[in-house]
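The primary structure of each chain is shown beneath.
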Amino acid sequence: MSLDFNLGAFNDYFRNETFRDDFTYANSPAGIRRFPFPFDRDDYMYSVNMEPHVPGRKGSVFEHAFDVDEHYVSEMIDRAKVLASDPLRCQSLPHMTLAGWDLLELIMEAKARDYPQWFTLTKDGNRWHWINRPLGIDHHFTFLDDSTLPYGPFEYITRQTQGDFTLQDERDNDLWMDAGMVTSQADWSLDFDIGMSFMEWHAPVPLAHEKGIFDRALKFLLKLQHGAPVRRFNWTMTVNPLLDTAPETYPVWGPTKTSLTPENLGQKQHLRVELQALFRLPRSNAIAFSIRCYLGRFEELVTIPKWGRRLHRVIRDINPDVAAYKGFLRNRDAMVAWLAGYDDGAPTSPGFWPED
Amino acid sequence: MSGGAKLKVRVAEVVNVNDMIKRFRFVSLDGSPMPAFSGGAHTVVEMDDDGVRRLNPYSLMSDPEDRSAYEISVRRDDAGRGGSLFMHRHVTPGLQMEISYPVNLFPLDTRARKHLMIAGGIGITPFLAQIAQLTHFGGRFELHYAARSQALGAYMDRLTAAHPAQVHCYFDDQGQVIDLARVLSMQPIGTHLYVCGPKGMIAWVLSTATSLGWPEKALHHEEFLAPGTGMPFQVDLAATGKTITVGTNQSLLEAMEAAGVDAPYLCRGGACGQCETNVIACDGAILHRDHWLTADEHAAGRKIMPCVSRFEGKSLTIDR
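Basis of the calculations
Residues numbered from 1 in each chain as written. Chains lettered and ligands numbered in written order. Predicted model: local features only at pLDDT ≥ 70, side-chain atom pairs only at ≥ 80, totals over all residues. Heavy atoms only, no water. Contact = heavy atoms within 4.5 Å. Buried area = accessible area lost by both parts, 1.4 Å probe. Salt bridge = Lys/Arg side-chain N within 4 Å of Asp/Glu carboxyl O. Polar contact = N/O pair within 3.5 Å; in protein donor to acceptor, adjacent residues only side chain to side chain. Phe/Tyr/Trp six-rings, centres within 6.5 Å; stacked < 30°, edge-to-face > 60°. Helix = DSSP H or I, 4+ residues; strand = E, 2+ residues; numbered from the N terminus. Lys NZ or Arg CZ within 6 Å of the ring centre and 35° of its normal. Pairing = 2+ DSSP bridges. Buried < 20%, exposed > 50% of the residue type's maximum accessible area, 1.4 Å probe, protein only. Domains from an automatic or database assignment. Nonpolar A, V, L, I, M, F, W, Y, C, P; charged D, E, K, R; others polar. Lys, Arg positive; Asp, Glu negative; His and termini not counted. Axes fitted to C-alpha atoms, helices over the stretch in contact; angles between N-to-C directions. Parallel < 35°, antiparallel > 145°, perpendicular 65-115°, else oblique. Left-handed = near helix turned anticlockwise from the far one by under 90°.

S.K.: Just checking my understanding: could you explain the interface of chain A and chain B for this structure?
M.R.: How big an interface is tends to be stated in terms of the accessible area lost upon association of its parts. Counting residues at the interface gives 17 residues for chain A, matched by 26 residues for chain B. Taken over both partners, the interface formed by chain A and chain B buries close to 1800 Å², and the fraction arising from carbon and sulfur atoms is 51%. The largest per-residue losses of area from chain A upon contact with chain B belong to Lys223(A), Gln225(A) and Arg283(A), which jointly make up 32% of the total buried on that side. Taken together, the links from chain A to chain B amount to three salt bridges. Residue Glu65(B) is joined to Arg283(A) by a salt bridge in which the shortest nitrogen-to-oxygen separation is 2.6 Å. Inspection of the region where chain A meets chain B yields four residue pairs in polar contact (both at pLDDT 80 or more).

As structure tokens, this is what we get:
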């Protein structure tokens, strides 16, 4: 058994595009309208901003627990390329195998329920049959038996699921990042962070520690219940639609930050939004953290007038420490100058939906 | 809503295990599989005791991979506030109930080379689920289980039949005592110790292990406190502007709920920390009964755990 994709799957819905080299990634007009614009007001500061991860507005990225969108097939091809060049982007410590099965079950059940046209899961006791039509996968395996899959359960399912994943073991009143699949990250390294505690892997974040945000977030997460997942947003900026902005490859992509000009900024600069969700896993008592990356080109975002106005104001007024940590301080003024052309000073309505 | 996600269930079976203990089997109301869980988890069972709402935590004892039902065992406490009596007297097959999703405050450390379990009486229940889970997924364990008498040694037969080499039983009425120092001295490095049972037993096991040099992080225990009874007292709730009276057989949390205040909770046994509430003014003594707050926090008196703790004095105002 292998996990080679058997594509015949680029159809009208799934886009055939790249996140490297010629960067053909783009959002369709419908994709722009469902972009998870992260700012619900005209300014930004860190907050825990957690809410229940319950089904949201139809057609939005919140409609289902694991959003499958028009970029699915191309993202999975990109992940396979990253893993081929650096296998350490996926690691799972030995005691996390059961948590991997928990996650596999969670994702397969959710996708088969929410997208029956693409995914089918049939169970006969622990003998499972999984069909992933977009990637051309049709596998029979035994649930909880590692020897029946071509990879460990965690790697197997996250090679078929958009977004990065980490698995946190809970012990000693703390969370420990003991497994991860990380190929679409905003400049952090699984190989560096694996095995760290919650405070250790959050240590580099400025300002939030002083506000006690991580103390409260850890306390909150230790009480996260199975059946009651939560979500939050995070965001940053990325030049070019590059999913894999890894510290390991910074020499390759870091210098592209110097390539922006007033002429190409709207085309090259992307707002990078992470929809993060946290799930308590049943058998392992671990916590799965999904970090789903959405990339929106500035030119695409300003087609929504409200978002053009608001993005200008947020970036113009942001705390420089936050801009530095997110890695766009050197281009902040250029972004503000470009975005000013889309801000007529009109008031914006509360909330992040495009039409409200 | 406070208390997290709930499951609607029907009582499928009630079994007399012995003179003191009944076992209850819950199946989902709509016939769907129950969620899998991790060994050591508990559920909070909601009871409607003639208009009084009772919520008691009980460890799940069934096989976590058996998705057809959950099972708990309830020891009758004739001197208690009534939750276990209600379960024994009024919960019969067919009754519809609400229970919480499983919450685990007593998980196995899956890195352990070996799991050493010490159970006293009804404290056996979380270990039954943990042993089932270890049997599925691998993992060495050794269980030492003490009961008052052979007749009260619930589930000893099935445990010794399934795991004759790993299970050791002791009976108080025969003068048998766990030779704890010897058991602890025979364990391989990397062993984790788990104890669940009466308060005195937990203290004895933890202090013995500590004095023998066991690392603190290899020691795990679970003890649910019953809220306990006490003198009635009055509390001002600053956030909701209400003044409530907590009755003799009622906890502060229950009194708030009875007054329509949606206060947070999970375990209702002083262990999880969810109901932690700030004290705004206190003229008197808070009777702390939880094991969530630190000794310093108990002494400072600026926080209270309404699920188990009480008050004596002139006035108490809390931020709820």
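From this point, the narrative continues.
S.K.: Just to check I follow, could you spell out the packing of aromatic side chains for this structure?
M.R.: All names here are of chain A. For the structure on display, the rule yields 35 aromatic pairs over all chains. On the numbers, 6.3 Å between centres and 25 degrees between planes, the contact of Trp101 with Phe141 is stacked. Of this pair, Trp101 sits in helix α3 (residues 97-114) while Phe141 sits in strand β5 (residues 137-142), and the two are 40 residues apart along the sequence. Both rings, one in Trp338 and one in Tyr342, keep their centres 4.9 Å apart while their planes meet at 35 degrees; by these two values the pair is tilted. Every member of this aromatic cluster is reached through a ring pair, and the members are Tyr13, Phe14, Tyr72, Tyr115, Trp118, Phe119 and Trp130. Above the face of the Trp353 ring, Arg57 is positioned so that its terminal group lies 3.7 Å from the ring centre. Between Lys326 and the ring centre of Trp235, over which it is positioned, the NZ or CZ distance is 4.6 Å.

S.K.: Would you mind going over the sheet that holds strand β14 (residues 242-246) of chain B with me for this structure?
M.R.: Two pairing modes exist for strands in a sheet, parallel and antiparallel, and in both the strands are linked by backbone hydrogen bonds. All names here are of chain B. Ordered by their spatial adjacency, five strands build an open sheet running β14-β13-β17-β15-β16, and the pairing between neighbours is mixed. Single-partner strands in this sheet number two, and they are β14 and β16 (303-304). In this sheet, strand β17 (residues 310-318) lies alongside strand β15 (residues 277-287) in antiparallel orientation, the contact comprising eight bridges. Residue pairing for β17: Asp283 is matched across the bridge by Ser315.

S.K.: Can you help me understand the pattern of salt bridges in this one?
M.R.: Opposite charge on two side chains makes pairing possible when the charged atoms of those side chains draw close. Applying the stated criterion to the full structure yields 42 salt bridges over all chains. Here Asp124(A) and Arg127(A) are joined by a salt bridge, their closest N and O atoms 3.0 Å apart. We note a salt bridge from Glu257(B) to Arg268(B), for which the minimum N-O separation is 2.8 Å. With Glu257(B) in helix α6 (residues 252-258) and Arg268(B) in the loop between α6 and β15, this residue pair connects regions lying 11 residues apart in the sequence. In this structure, Glu257(B) and Arg268(B) share a single accessibility class: buried. One network of salt bridges, in which partners are shared, links Asp102(A), Glu105(A), Arg283(A), Glu65(B) and Arg67(B).

S.K.: Explain the domain arrangement of chain B to me, please; I cannot follow it from the model alone.
M.R.: All names here are of chain B. Examined at the domain level, chain B breaks down into domain 1 (6-104), domain 2 (114-222) and domain 3 (233-318). The C-alpha centroid of domain 3 is placed 26 Å from the C-alpha centroid of domain 1. Between domain 1 and domain 3, the contact holds eight residues from the first and nine residues from the second. Both sides together, the interface formed by domain 1 and domain 3 hides about 750 Å², and carbon and sulfur atoms give 46% of it. Remark: the boundary between domain 1 and domain 3 carries one salt bridge. In this structure, the salt-bridge partner of Glu257 is Arg53, at a minimum N-O distance of 3.2 Å. Of all the elements in the fold, those that place two or more residues in the side of domain 1 that touches domain 3 are β3 (41-49) and β4 (52-59). Ranked by residues supplied to the side of domain 1 that touches domain 3, first place goes to β4 with three residues. Classifying every residue of the side of domain 1 that touches domain 3 gives four nonpolar, one polar and three charged.

S.K.: Just checking my understanding: could you explain the side chain of Arg310(B) for this structure?
M.R.: Residues and elements named next belong to chain B. When you line up the elements, Arg310 lands in strand β17. Glu254 provides the closest opposite charge to the buried, unpaired Arg310, separated from it by 7.2 Å. Reaching out from Arg310, the side chain makes a polar contact with the backbone oxygen of Gly230 at a distance of 3.5 Å.

S.K.: Quick question: what am I supposed to make of the packing of helix α11 (residues 305-317) of chain A against helix α13 (residues 332-340) of chain A here?
M.R.: Think of two packed helices as two axes; the pair is described by the angle between the axes and how far apart they sit. Residue and element names in this part refer to chain A. Contact geometry for α11 and α13: axes closest at 9 Å, N-to-C directions at 155 degrees. When the interaxial angle is binned, α11 and α13 end up roughly antiparallel. Note that α11 runs across α13; the crossing there is left-handed. Between α11 and α13, the residues in contact are Leu311, His312, Ile315, Arg316 and Asp317 and Arg332, Met335, Val336, Leu339 and Ala340, respectively. Taken together, the residues of the contact of α11 with α13 sort by class into six nonpolar, one polar and three charged.

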